[in-house]
Amino acid sequence: MTEIEIREIREAIDAADNALLHLRSARRYLDSAGNWGLLDMFGGGLISGVMKHSKMGNAEREIDEARYALQRFSKELRDVSGYSSIHINNFLTFADFFFDGFVADILVQSQISDGKKQCDEAIRQVEGIRRELEGRLRQG
């Protein structure tokens, strides 16, 4: 393996690490928002509603950061031989629908749950590709 190939793989791994950082952070905020949302649904009052929306705002910011990080990961991954857009198309649609017009608390909980599933799937995919890249470095 050439020095250039090693550098490209390391850059892709760094980009994966950054994406995972934001995805995991978003997932934690979504967990917290979901917990506050449940409390809010069952009569938690003003504080639980404010906390839920605060956590949702934090999750939305992390999801935006995760999207940018996934775009960078996608770019870096294209530089690594053997990877193409087929490996990364799912990342770029991550959470496109998220937080589009909440109507009711039940809908909010559903969207939080869907967002958590999307985070989990993106994390699983990025971790899998990252493991492949690490394996290539070890073999190289």
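For the structure itself, consult the block above.
Residues numbered from 1 in each chain as written. Predicted model: local features only at pLDDT ≥ 70, side-chain atom pairs only at ≥ 80, totals over all residues. Heavy atoms only, no water.

Caption draft 1: Highlighting the packing of helix α1 (residues 3–41) against helix α2 (residues 45–78). As a packed pair, α1 and α2 sit with axes 7 Å apart at the nearest point and diverge in direction by 165 degrees. Here α1 lies roughly antiparallel to α2, going by the angle between them. Between α1 and α2 the crossing geometry is left-handed. (Axes fitted to C-alpha atoms, helices over the stretch in contact; angles between N-to-C directions. Helix = DSSP H or I, 4+ residues; strand = E, 2+ residues; numbered from the N terminus. Parallel < 35°, antiparallel > 145°, perpendicular 65-115°, else oblique. Left-handed = near helix turned anticlockwise from the far one by under 90°.)

Caption draft 2: Fine view of the side chain of E76. Along the polypeptide, E76 turns up in helix α2. Not counting residues within four places of it along the chain, the set of residues in contact with E76 comprises E8, E11, A12 and A15. (Contact = heavy atoms within 4.5 Å.)

Caption draft 3: Structural detail: the environment of N18. Along the polypeptide, N18 turns up in helix α1. With relative accessibility at 29%, the residue N18 sits in the partly exposed group. With sequence-adjacent residues up to four places away left out, N18 is seen in contact with A69 and R72. (Buried < 20%, exposed > 50% of the residue type's maximum accessible area, 1.4 Å probe, protein only.)

Caption draft 4: Fine view of the nonpolar core. One finds L23, F73, L77, V126 and L133 to be the most contacted residues of the largest nonpolar core, which totals 22 residues. With 9 residues, the single largest contributor to this core is α1. Setting aside anything within four residues of it in sequence, one finds L133 in contact with I9, A12, I13, F73, L77, V80 and Y83. (Core = buried A, V, L, I, M, F, W, Y, C linked by side-chain atoms within 4.5 Å.)

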